[in-house]
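Descriptive structure summary
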Amino acid sequence: MRILKAAALALAVSFAGIGHAQAQDTVKIGLILPFTGQFADGAKQIDDAIKLYIEENGDTVAGKKIEILRKDTGGIAPDVAKRLAQELVVRDKVDILAGFLLTPNALAVGPISEEAKKFMVVMNAATSIITTKSPYMARVSMTTPMVNEELGKWAFANGVTEVFTINSDYGPGNDAQAGFQRAFEAAGGKIVGADKVPVANPDFSAFVQRAKDANPQGIWVFIPGGAQPAAFAKALAERGLTPENTKVMGQGELTVEAALASMGDAALGIITGFHYDYNHQSEKNAAFVKAYNEMFGRNPDFFGVGGYDGMNLIYEALKKTDGNTDGEALIEAAKGMSWESPRGPIAIDPETRDVVETVYIREVQKDADGNLINVEIDKIENVKDPVKARM
Amino acid sequence: MTTATESSATKPSASVDPRAFLKRQTRWSVFEVLFWLATLSPFFLFETYLSLASQIAITALFAVSLDLILGYAGIISLGHAVFFGVGAYTAGIVSKYGWGEPISGLFIAAAAAAIVGYLTSFIIVRVQHLALLMITLGLGFIAVEIANSADWLTGGADGLLGVETWPVLGIWDFDLWGKTAYGFALVVLFILFVVSRRLVHSPFGLSLRGIRENAVRMPAIGAPNPRRLQKVYVISAAIAGVAGALLTQTTEFASLEVLGFQRSADLAIILILGGTGRLYGAIIGAIIFMVARDQLADMNPQYWYFWIGLLLMAVVLFLPDGILGGLTRLVPARWRKP
């Protein structure tokens, strides 16, 4: 059956090639993102960063014009994402599939990339297994386990031996918690309690009280953005948990710019592990943040840097293949590629096609103007996804 | 049988022989034949839109299932995606654990959705109006939460991986172009449409319309409501389950949003657009909603919802019977069915 499938596909692809001569001069990229719905802002960050990259580097690479076709999934909608990918391949004849903010959407499109042999670039979705779904897929964002396992190791190495965890009871939250707990316990730490809170939770006082009763040295937390970080910070302050007596830790989303603004001074001292913040100190990042601000009037976040690096991967791979858009050629070119990103050094693991990057440990502090910012206090270089390393 | 005689006898045109009345209603019109022939056109005219066409067919089937309870029996539901989702996950899980045969998969999914439909029907038939909305809404949220926490079975928020659908009848493999997907979905839609059509034009269907029009009067003339409502609710659930199973089989993936409120809400929009209480309204609504969404989202991926909203407002303001109802008014009266 597999052979038949492959034969049918080869036929379809060869048909697709007919009457397509003028397309030789363009490279079409199908960009699948949730442009509407609750994830629209993240999609805009990615899309804006892509626009910025094209603005800076021109819309021609290896003699070919880059053309982007934007498709909206409207949120978590794997069936829509899969159909859009199918249509992009058979109707619009795209050469590359890119975007993918959400895990289910990326997972559903994986098989299309595999069947049609299309290079696929995941710019955000962070569940570990995604890249195993197509041999032509590469990721430039991060994985949830890689950040949280490093944070777990770092916490123990820095004198925190007992931690209470609180996380939103949904996929990403549970994955992150499992990652933190695994690494923290493996290092010798003890999880003294693990509470799960509803995904839409307006009040954390009861959970923070339970954490306080367990009297841990640290609290690790994973909650979605929006109003929740402020509610969480308020509960911490009310219960008298401060950086002096308890270390509060989490994944970087907890202290992104908007979250810090809503938490106020209660956020001071929170420690997070992440791969990017607009406050990262490097020449490359300063230029990126400046250009992004000039074009879009705000700071880029981790979504934006994903889009920017995704485009860079596509451009550099195309240069290496001299404009050849064959999925096989592009993924071979992408494997092992490394470059200096606004986030710092980044590479594509030749074995797993997943991202290799620096995980920064940051602490919320005040800058000279009194603004809350994430200040890097430690970093772990060349981190690979630990889940696939164990596979 | 007696029920039907009585209920149709209560109509103004009481002199009509009820058998002849029903028979005339079930006759296939030219429009219908043309319509179904037109559903084959994507194979020739829009070859590159076949995967969209297959999702339209699936949505249409789902809309038909809601029309059975909403349009004919007057049961308002904001949680119909529960059955769609149960069907989707059942088909997916059966396939994941080694049985990817699509046709039997549909039957298994229909059975699972029917069982859930039967269990919930006891609450459904006891309430009306706002309470019904709240209960169906609540059932939807509960279903999502159960699927989310049973991640060992459903894959949780990441979605169900490892679904592999075998070729239909061992011949037609699901291809990248969506030929098999559309063909399969269309055949299933047609079969279940014929079944639904037969159902609403049967004495049982007439008694449902009686309940919709006057829920107090029906028991008074000897046709108690709850059993009938339960029956149609279970049938509707089974059809929704088949639609869900089709989606899983053709996309080889299922995630929490198959159960979600958004899906139920979109479905209500589709029915209102197309026109409730007329099975073709469900199909027309699905076609218009999905095509409009596809085209508008292509033109402007960020703000296309604006146009959907405008379309919906225009339809409810100017075409209270939905688009199909509006079209019907254009047809000369003598061609219309009573």
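Residues numbered from 1 in each chain as written. Chains lettered and ligands numbered in written order. Predicted model: local features only at pLDDT ≥ 70, side-chain atom pairs only at ≥ 80, totals over all residues. Heavy atoms only, no water.

**A word on the overall build of chain B**
For clarity, the cut-off: Secondary structure is summarised from DSSP: a helix means a run of H or I of at least four residues, a strand means a run of E of at least two, and numbering begins at the N terminus for each. Values of the radius of gyration come from C-alpha atoms, whereas the globule rule sets the reference at 2.2 Å times the count of residues to the power 0.38. For the exposure calls, accessible area comes from a 1.4 Å probe over protein chains only, and a residue counts as buried if that area is under 20% of its type's maximum, exposed if over 50%, partly exposed in between. Contact between two residues is taken to exist if any of their heavy atoms lie within 4.5 Å; hydrogens are not considered. Here the accessible surface of atoms and residues is derived via Shrake-Rupley with a 1.4 Å probe, and residues count as covered only by protein chains that are part of the display. In this count, Lys and Arg are taken as positive residues and Asp and Glu as negative ones, while His and the chain termini are left out. Every charge is mapped onto a representative atom, which is NZ of Lys, CZ of Arg, CG of Asp or CD of Glu.
Of regular secondary structure, chain B possesses 16 helices and zero strands. A compact globule built from 338 residues would reach a C-alpha radius of gyration of about 20 Å, and chain B, at 20 Å, matches this within 12%. Along the first, second and third principal axes, the C-alpha set of chain B runs to 60 × 45 × 40 Å. The buried share of chain B, reckoned over its 338 residues, is 55%. Considering only contacts in chain B between residues 6 or more positions apart, those separated by 24 or more positions represent 79%. Summed over its atoms, the accessible surface of chain B is roughly 15200 Å², and 70% of this surface lies on carbon and sulfur atoms. Of the side chains in chain B, 23 bear a positive and 19 a negative charge, and the two mean positions are spaced by 19 Å.

**A word on the sheet that holds strand 3 (residues 64-72) of chain A**
All names here are of chain A. Selection rule: Being paired, for any two strands, means DSSP has found at least two bridges between them. With axes taken as lines fitted to C-alpha atoms, and helix axes fitted only over the stretch in contact, angles between N-to-C directions fall between 0 and 180 degrees.
Across the sheet, six strands lie side by side as 2-3-1-4-5-6; this open sheet has mixed pairing. The open sheet is flanked by strand 2 (60-61) and strand 6 (137-139), the only strands paired with a single partner. Relative to strand 5 (residues 119-122), strand 4 (residues 96-99) runs parallel, the two being bridged by four bridges. When the sheet's bridge partners are listed, G99 is paired in strand 5 with V122. Along the sheet face, helix 4 (residues 103-116) touches strand 4, strand 5 and strand 6 and points at about 165° away from the line of strand 5.

**Quick look at the interface of chain A and chain B**
Short version of the rule: As used here, buried area is the combined drop in accessible area, with a 1.4 Å probe, of two parts when they are placed together. Think of a salt bridge as a Lys or Arg side-chain nitrogen and an Asp or Glu carboxyl oxygen that are within 4 Å of each other.
Across the contact, 37 residues belong to chain A and 31 residues belong to chain B. Both sides of the chain A and chain B interface together cover about 3000 Å² of buried area, and 54% of this is carbon and sulfur. For the pair chain A and chain B, the number of links is three salt bridges. Residue D294(B) is joined to R83(A) by a salt bridge in which the shortest nitrogen-to-oxygen separation is 3.4 Å. When residues of the side of chain A that touches chain B are assigned to their parent elements, the largest contribution, nine residues, is made by helix 3 (residues 78-90) of chain A.

**A short note on the pairing of strand 10 (residues 247-251) of chain A**
All names here are of chain A. The condition that has to hold: Convention used here: a crossover is right-handed provided that the path from the first strand, over the helix, to the second strand proceeds clockwise when the strands point away from the viewer.
In terms of burial, strand 10 is largely enclosed, as four of its five residues are buried. Where strand 9 (residues 218-222) and strand 10 come together, four bridges link them in parallel fashion. Following the sheet pairing, I219 is matched in strand 10 by V248. One crossover worth recording links strand 9 to the parallel strand 10 by way of helix 8 (residues 228-238), and it is right-handed. Looking at chain direction, strand 10 and strand 11 (residues 271-274) are connected through three bridges and run parallel. Bridge pairing in strand 11 places M249 opposite I271. Running through helix 9 (residues 257-263), the crossover from strand 10 to the neighbouring parallel element strand 11 is right-handed.

**A short note on the packing of aromatic side chains**
Residue and element names in this part refer to chain B. Keep this limit in mind: Only the six-membered ring of Trp is used, alongside the rings of Phe and Tyr, when aromatic pairs are assigned; centres must lie within 6.5 Å, and planes under 30 degrees apart are stacked while those over 60 apart are edge-to-face, with the rest tilted.
According to the stated counting rule, one finds 28 aromatic pairs over all chains in the structure shown. Their ring planes at 40° and their centres at 4.5 Å tell us that F62 and F84 sit as a pair that is tilted. Here the residue F62 occupies a position in helix 4 (residues 50-72), and F84 occupies one in helix 5 (residues 81-96), the gap between them amounting to 22 residues. By relative accessible area, which is 2% here, F62 ends up buried.

**Quick look at the nonpolar core**
To keep things clear, this is the line we draw: Nine residue types can take part in a nonpolar core, namely buried Ala, Val, Leu, Ile, Met, Phe, Trp, Tyr and Cys, and a core is a set of them joined through side-chain atoms within 4.5 Å.
Core analysis: the largest hydrophobic core is formed by 94 residues, its most contacted members being W36(B), L61(B), I75(B), Y89(B), V188(B) and L246(B). Residue contacts for L61(B): discarding those within four places in its chain leaves V188(B), L189(B), L192(B), I239(B), V242(B), A243(B) and L246(B). Listed in part, the 56 residues of the second largest apolar core include A49(A), V61(A), M311(A) and V359(A).

**Regarding the environment of A111(B)**
Relative to the helices and strands, A111(B) resides in helix 6 (residues 102-124). Between the C-alpha atoms of A111(B) and I239(B), which are 128 residues apart in sequence, the distance is 9.6 Å.

**Notes on the domain arrangement of chain A**
Residues and elements named next belong to chain A. Quick reminder of the rule: Each domain's extent was defined by an automatic or database domain assignment. Pairing of N or O atoms within 3.5 Å defines a polar contact, subject to two protein rules: one partner must be a possible hydrogen donor and the other a possible acceptor, and residues neighboring in sequence count only if both atoms are side-chain atoms. Polarity classes work like this: nonpolar for Ala, Val, Leu, Ile, Met, Phe, Trp, Tyr, Cys and Pro, charged for Asp, Glu, Lys and Arg, and polar for all others, with Gly in that last group.
Considered domain by domain, chain A is made up of domain 1 (2-142 + 282-353) and domain 2 (145-274 + 359-390). Taking only C-alpha atoms, the centre of domain 1 and the centre of domain 2 are 31 Å apart. Contact with domain 1, which involves 13 residues of that partner, is made by 14 residues of domain 2. Of the roughly 1000 Å² buried where domain 1 meets domain 2, counting both sides, 60% is carbon and sulfur surface. Looking at the side of domain 1 facing domain 2, the largest losses of area belong to S128, M142 and F302, adding up to 50% of the total buried there. Our count for the contact surface shared by domain 1 and domain 2 stands at one salt bridge. Close ionic contact of K384 with D349 constitutes a salt bridge, the shortest N to O distance being 3.6 Å. Inspection of the domain 1/domain 2 interface yields five residue pairs in polar contact (both at pLDDT 80 or more). Residue classes in the side of domain 1 that touches domain 2 are distributed as three nonpolar, seven polar and three charged.

**Looking at the side chain of S264(B)**
All names here are of chain B. Relative to the elements of secondary structure, S264 occurs in helix 13 (residues 261-274). Looking at S264, its side chain comes within polar contact range of the main-chain nitrogen of A81, at 3.1 Å. Filtering out sequence-adjacent residues up to four positions away, S264 remains in contact with L78, G79, H80 and A81.

**Overview of the pattern of salt bridges**
Pairing is possible between side chains that carry opposite charge, provided their charged atoms lie close to one another. Using the criterion set out here, one finds 35 salt bridges over all chains in the structure. R182(A) serves as the salt-bridge partner of E149(A), at 2.2 Å between the closest nitrogen and oxygen. Note that E149(A) is positioned in helix 5 (residues 144-157) and R182(A) in helix 6 (residues 171-187), a separation of 33 residues in sequence. The class of E149(A) is buried, set by a relative accessible area of 5%. In this structure, the salt-bridge partner of K179(B) is E47(B), at a minimum N-O distance of 3.8 Å. Of this pair, K179(B) sits in helix 9 (residues 179-200) while E47(B) sits in the loop between helix 3 (30-38) and helix 4, and the two are 132 residues apart along the sequence. Since its relative accessible area comes to 37%, K179(B) is described here as partly exposed. If you follow the salt bridges from partner to partner, you end up with K44(A), D47(A), D48(A), K51(A) and R70(A) in one network.

**Some thoughts on empty space enclosed by the protein**
Residue and element names in this part refer to chain B. This is how it is decided: Within this scheme a cavity is a closed region of a 1 Å grid, computed over the protein atoms alone, that accommodates a 1.4 Å probe without allowing it to escape, whereas a pocket is open but has protein on both sides within 12 Å along at least five of seven lines; lining residues each have an atom within 4 Å of a point. Grid points are joined across faces, edges and corners, and a volume is the space filled by probe spheres set on the points.
In the structure shown here, the tally under the stated rule is three cavities of 30 Å³ or more. For the largest cavity, the calculated volume is near 50 Å³. Looking at the largest cavity, the residues that line it are A91, V94, S95, W99, G100, E101, G105, V163, T165, T248 and Q249. The biggest single contributor to the lining of the largest cavity is helix 5, with three residues.

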